[in-house]
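This is what each chain is made of:
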Amino acid sequence: MSTEQQDAERQERERPSGAGEFAPLVEEVRRFATALGGKAVELGGRLRESNPEVYGHLAAAGGELLAAYRAAVAGHERSWSAPQHAGTERVDLDGADEPSDK
């Protein structure tokens, strides 16, 4: 078996399962995310060393954003999983029950 065939088989085995025709795109996104994460760590390290006060504020802000996101998701999950209320009342906000002036 040639080296090219071995490489092709290895890539096929490493592809995400169920990706099908999008496997090359998924792999490219994975590589991009890995590179972006590496750069973010590098820049964060430089910022931390050169300006620790700014780094601390950004880290705190990131934590607050994450907490807000978690709270929003938890609220939606509760409403999605809650039993439907049987005693609901429809309120007509268009005023169809009011007598018309015609």
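Just so you know, these numbers come straight off a predicted model, no measurement behind them. (Residues numbered from 1 in each chain as written. Predicted model: local features only at pLDDT ≥ 70, side-chain atom pairs only at ≥ 80, totals over all residues. Heavy atoms only, no water.)

Engineer: Provide a residue-level description of a nonpolar patch on the surface, including the pertinent values.
Structural biologist: There is a patch of nonpolar side chains on the surface, built from F22, L25, V26 and V29 and spanning about 360 Å² of accessible area. Inspection of the secondary structure puts V26 in helix α2 (residues 23-50). A relative accessible area of 30% places V26 in the partly exposed class. (Patch = residues over 30% accessible without salt bridge, like charges linked within 9 Å, V, L, I, M, F, W, Y side chains within 5 Å. Areas by Shrake-Rupley, 256 points an atom, 1.4 Å probe, with all protein chains shown as cover. Salt bridge = Lys/Arg side-chain N within 4 Å of Asp/Glu carboxyl O. Helix = DSSP H or I, 4+ residues; strand = E, 2+ residues; numbered from the N terminus. Buried < 20%, exposed > 50% of the residue type's maximum accessible area, 1.4 Å probe, protein only.)

Engineer: Can you explain the pattern of salt bridges? Please cite residues and give values.
Structural biologist: One pass over the full model with this rule turns up 5 salt bridges. Here E27 and R31 are joined by a salt bridge, their closest N and O atoms 3.9 Å apart. Here the residue E27 and the residue R31 both occupy positions in helix α2, the gap between them amounting to 4 residues, near one helical turn. Residue classification places E27 among the partly exposed residues on the basis of a relative accessible area of 28%. Judged by relative accessible area, which is 47%, R31 ranks as partly exposed. Two residues, R46 and E42, come together in a salt bridge whose shortest N-O distance is 2.6 Å. Here R46 pairs with E42, and both are found in helix α2, just 4 residues apart, close to one helical turn. When its relative accessible area of 47% is taken as the criterion, R46 is described as partly exposed. Judged by its relative accessible area of 38%, E42 falls in the partly exposed class.

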